[in-house]
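Overview (structure and organization)
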Amino acid sequence: MTTGAVRLSIEGSVATVLFDRPAARNAMTWDMYQQLAAICERLPREPGVRVVCLRGAGGEAFVAGTDIEQFKTFDAQRGVEYERTIDAGMAQLEALPLPTVAVIEGWCVGGGLAIATACDLRIGTSTARLGVPIARTLGNCLSAANIARLVAAFGRSRVQRMLIGAEVLRAEEALACGYLTEVVAPEAMNAAAETLLQRVAGLAPVTQAVSKEALRRQLQQNLPDVEDLIMRTYGSEDFREGVTAFTEKRSPVWRGR
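Some thoughts on the packing of helix α4 (residues 144–154) against helix α5 (residues 156–163)
One can describe the packing of α4 onto α5 by two numbers: an axis separation of 7 Å at closest approach and a directional angle of 125°. As judged from the angle between their axes, α4 and α5 are oblique. Note on element contacts: α5 touches α4 through Arg156, Arg158, Val159, Met162 and Leu163, opposite Ile147, Leu150, Val151 and Phe154. Here the contact of α4 with α5 is composed, by residue class, of seven nonpolar, no polar and two charged.

As structure tokens, this is what we get:
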């Protein structure tokens, strides 16, 4: 298993966070999540940075979720701990005082969609595909905070289609509902992303920071406790079947228990 890395580079006022594991469509390992957290901790202390760009390496994926190989030893308690860890990482990204822009090329699913949704703005290529098809693939679930972000960004009905119907949305629909600010051809992405980043970098940083924080506080109000639902999911036979089926490269047989 290639471990990959999350890399930070800074050029002028733009910091770029690169998810660099193209052989696995940039699927996140535990180390990569830790590297992202360390970068988020560092960024507010970087002088001159006015905007953060998050992007996947290779042009075929932003981030294709969390590496499923890592779920083999999970039980109910480990699932709760995992969702808490993911929640903390997404909250850290969301709370950055700097504007964040996700540049989405190709697949952006599962944990990748959670990362992109924790960003402020998103631009995608016409090849972008967005979803959380866990009802088809793994049989796990999302935390309340991640579901709240998705509902705020996509609307309840689209999130129901993603989570209950395992649909993956095309770029055009994500643009129509406002999730993406722009959709461009793959060959035009570098120029379009640079234009957006430079425009955002030139705006009032205090206004941006306090607006981000106000929106974050509004989203976090009255989140329900769903730990019982997470334990039920990760402790289920269906979840174990989903992981086993994936590693054996076959379709899972769901039994509802």
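What about the sheet that holds strand β6 (residues 107–109)?
Ordered in space as β4-β6-β8-β9, the four strands form an open sheet in which the pairing is mixed. What marks the edges here is a single partner per strand, and that holds for β4 (61–64) and β9 (168–170). Neighbour-to-neighbour, the strand axes of the sheet open up by a mean angle of 25°, direction not taken into account.

So, the nonpolar core
One finds Phe19, Phe62, Ile104, Phe154 and Tyr179 to be the most contacted residues of the largest nonpolar core, which totals 58 residues. If we ignore the near neighbours within four places in the chain, the residues touching Tyr179 are Ile104, Leu113, Ala116, Thr117, Arg122, Leu130, Ala153, Phe154 and Ala174. Val51, Ala192, Ala193 and Leu197 belong to the second-largest nonpolar core, a separate cluster that totals 14 residues.

Some remarks on the packing of aromatic side chains
Enumeration according to the criterion identifies 13 aromatic pairs in this entry. Note on Phe19 and Phe62: the rings are 5.5 Å apart at their centroids and 70° apart in plane angle, and the pair reads as edge-to-face. You can see Phe19 sitting in strand β2 (residues 14–20) and its partner Phe62 sitting in strand β4, a full 43 residues away along the chain. Judged on exposure class, the residue Phe19 and its partner Phe62 are both buried. Geometrically, the ring pair formed by Phe74 and Tyr82 is edge-to-face, given 5.7 Å between the ring centres and 65° between the ring planes. Taking the relative accessible area as the measure of exposure, Tyr82 reaches 7% and is therefore buried. In this structure, Arg122 is placed above the aromatic ring of Tyr179, and the distance from its NZ or CZ to the ring centre is 4.1 Å.

The rules behind these values
Residues numbered from 1 in each chain as written. Predicted model: local features only at pLDDT ≥ 70, side-chain atom pairs only at ≥ 80, totals over all residues. Heavy atoms only, no water. Axes fitted to C-alpha atoms, helices over the stretch in contact; angles between N-to-C directions. Helix = DSSP H or I, 4+ residues; strand = E, 2+ residues; numbered from the N terminus. Parallel < 35°, antiparallel > 145°, perpendicular 65-115°, else oblique. Contact = heavy atoms within 4.5 Å. Nonpolar A, V, L, I, M, F, W, Y, C, P; charged D, E, K, R; others polar. Pairing = 2+ DSSP bridges. Core = buried A, V, L, I, M, F, W, Y, C linked by side-chain atoms within 4.5 Å. Buried < 20%, exposed > 50% of the residue type's maximum accessible area, 1.4 Å probe, protein only. Phe/Tyr/Trp six-rings, centres within 6.5 Å; stacked < 30°, edge-to-face > 60°. Lys NZ or Arg CZ within 6 Å of the ring centre and 35° of its normal.

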